[in-house]
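Residues per chain are reported as follows:
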Amino acid sequence: IVLFHNFKMIKIIPINKKFLKIVNEDIFKSLSIIFNKKVSNQEEIFSLLRKNPKLRSSVFDILNMLPSLNMINYEIKKIIQNKFAKKYLINWTYAQIRLDDNLSKEFSAPAHKDRWIIDKNKVGYVAWIPLKKEGSSLLVSSKDKTKKIIKNKYWGLEAKGNNAFKRKKIKYGQALIFDPDLLHKSDYPKYSRITLQLRYEEINPIKFRRSVTQKVDSKVLRYWKNKLT
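Okay, so let's go over this structure.

Calculation notes
Per chain, residues are indexed from 1 in the order of the written sequence. For this predicted model, a pLDDT threshold of at least 70 governs which residues receive local features, and a threshold of 80 or more governs which side-chain atom pairs are given and counted, while totals over whole chains, interfaces and linings are taken from all residues. With hydrogens and water excluded, all non-hydrogen atoms of the structure serve as input to the side-chain values. By the criteria applied, helices consist of DSSP H or I runs no shorter than four residues and strands consist of E runs no shorter than two, each listed in order from the N terminus. Radius of gyration: C-alpha atoms only; globule rule: 2.2 Å multiplied by the number of residues to the exponent 0.38. The buried label goes to any residue with under 20% of its type's maximum accessible area, the exposed label to any with over 50%, and the partly exposed label to all in between, with areas taken from a 1.4 Å probe on protein chains only. Only heavy atoms enter the contact rule, under which two residues are in contact if any of them lie within 4.5 Å. To be clear on the numbers: accessible area is Shrake-Rupley with a 1.4 Å probe, and residue cover counts the displayed protein chains and nothing else. When charges are tallied, Lys and Arg are placed among the positive residues and Asp and Glu among the negative ones, while His and the ends of the chain are skipped. Where a charge sits is defined by one atom per residue type, namely NZ (Lys), CZ (Arg), CG (Asp) or CD (Glu). What the arc measures is the spread of directions leading from the helix axis to the C-beta atoms. Only centres within 6.5 Å qualify two rings of Phe, Tyr or Trp (six-membered ring in Trp) as a pair; their planes then separate them into stacked at under 30 degrees, edge-to-face at over 60, and tilted for everything else. Two conditions define a charge located above a ring, namely a distance within 6 Å from the ring centre to NZ of Lys or CZ of Arg, and an angle within 35 degrees of the ring normal. Whenever Lys or Arg places a side-chain nitrogen within 4 Å of a carboxyl oxygen from Asp or Glu, that contact is recorded as a salt bridge. Orientation is described by lines fitted to C-alpha atoms, with helices fitted over the stretch in contact, and by angles between N-to-C directions that extend from 0 to 180 degrees. Handedness of a helix crossing follows the sense of rotation of the near helix relative to the far helix, less than a right angle counterclockwise being left-handed and clockwise being right-handed. Amino acids are sorted into nonpolar (Ala, Val, Leu, Ile, Met, Phe, Trp, Tyr, Cys and Pro), charged (Asp, Glu, Lys and Arg) and polar (every other residue, Gly among them). Angles below 35 degrees are treated as roughly parallel, those above 145 as roughly antiparallel, those between 65 and 115 as roughly perpendicular, and all remaining angles as oblique. Note on pairing: DSSP must find at least two bridges between two strands before they are called paired.

Here's the deal with the overall build of the chain
When you go through the chain residue by residue, the secondary structure sums to five helices and eleven strands. In summary, the chain has a C-alpha radius of gyration of 18 Å against a globular reference of 17 Å for 229 residues, a match within 12%. Within the chain, the fraction of its 229 residues that count as buried is 45%. Sequence-distant contacts in the chain: of pairs separated by 6 or more residues, those separated by 24 or more amount to 81%. Accessible surface, the chain: about 13700 Å² in total, of which carbon and sulfur atoms supply 53%. One finds the centroid of the 49 positive side-chain charges in the chain at a distance of 3 Å from the centroid of its 20 negative side-chain charges.

In structure tokens:
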């Protein structure tokens, strides 16, 4: 399968629920420490966040630093490698967990393409996975009728035009796999949701440059600069 700008791949594949269970257990244990209260299910997370909205940033950072993400990232990579990819896959972005509910409406992703955060010539794959047993959904467009692209304060860019979107429902134990050129946006949930996003790219040996970047935390760097001078 060759995934370029004129091709839209979108598939639903089964994944082993034991991987989701490991990630969820990691989530509950880490957030129990942050909230100083035992967390045993996803709804408790949102209940506690509504009472402590100032902790949202900390919760987001902690969830995306969980070691279990490395495990599921590798396992899903193997599935996509075997089913779809023509070349060996590496990380395009870090594994990411998203929390969405009434508390976070302003962070809802607008109509966009993941192509906008990857090199135009790279072949990439996105895996979108619900972590709640109720599953979740994403709004996708089969025909791109974008007239213009504007700046968006959260996502960075947003597609504007007469685009029609259909709801794609994904069950717990499934992953939605699509390519960077699929136009999509958040399906604002009636209920809170927790989803996992994984992104991979095929190795292109010609003028290769990495997509994932990492920087030293500015506050940490500032402290040590002052300490050592």
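Remarks on helix H3 (residues 56–63)
An α-helix turns once every 3.6 residues. As a result, residues three or four positions apart point the same way. When H3 is considered as a whole, its buried residues turn out to be Arg-56, Val-59 and Leu-63. The arc that holds every buried residue of H3, seen down its axis, measures 65°, which confines them to one face. On its buried face, H3 is in contact with helix H1 (17–35), helix H2 (42–51), helix H4 (68–83) and strand E3 (96–100).

Brief notes about the packing of aromatic side chains
For the structure on display, the rule yields one aromatic pair. Measuring from centroid to centroid gives 5.0 Å for Tyr-223 and Trp-224, while their planes differ by 85°, and the two rings are edge-to-face. In this structure Trp-224 comes out as partly exposed when scored by relative accessible area, which is 44%. Between Lys-185 and the ring centre of Phe-165, over which it is positioned, the NZ or CZ distance is 4.7 Å.

Remarks on the pattern of salt bridges
All chains considered together, the criterion is met by ten salt bridges. Across the pair Asp-100 and Arg-193 runs a salt bridge, and its minimum N-O distance is 3.4 Å. With Asp-100 in strand E3 and Arg-193 in strand E11 (residues 193–202), this residue pair connects regions lying 93 residues apart in the sequence. Since its relative accessible area comes to 2%, Asp-100 is described here as buried. Between Arg-167 and Asp-187 there is a salt bridge whose closest N-O contact spans 2.5 Å. Of this pair, Arg-167 sits in strand E8 (residues 166–170) while Asp-187 sits in the loop between strand E10 (183–186) and E11; the two residues are 20 residues apart in sequence, bridging distant segments of the chain.

Quick word on the packing of H1 against H3
The relative placement of two packed helices comes down to the angle between their axes together with the axis-to-axis distance. Orientation of H1 relative to H3, taken along the N-to-C sense of each, is 150°, at an axis distance of 10 Å. You can see that H1 and H3 cross each other, and the crossing is right-handed. Across from Ile-27, Ser-30, Leu-31, Ile-34 and Phe-35 in H1, the residues of H3 making contact are Val-59, Ile-62 and Leu-63. A per-class count over the contact of H1 with H3 returns seven nonpolar, one polar and no charged.

Focus: the packing of H1 against H4
Packing of H1 against H4 brings their axes to within 9 Å, and their N-to-C directions diverge by 160°. When the axis of H1 is compared with that of H4, the two are roughly antiparallel. As H1 runs across H4, the sense of the crossing is left-handed. Taking contact as the criterion, the partners of Phe-19, Leu-20, Ile-22, Val-23 and Asp-26 in H1 are, on H4, Ser-68, Leu-69, Met-71, Ile-72 and Glu-75. A per-class count over the contact of H1 with H4 returns seven nonpolar, one polar and two charged.

A word on the sheet that holds E10
Pairing within the open sheet is antiparallel, and its three strands lie in the order E8-E5-E10. Here the strands that pair on one side only, and so sit at the sheet edges, are E8 and E10. Neighbouring strand axes in the sheet, compared pairwise and without regard to direction, differ in orientation by 35° on average.

Without other data, these values stay purely geometric and don't point to any function.
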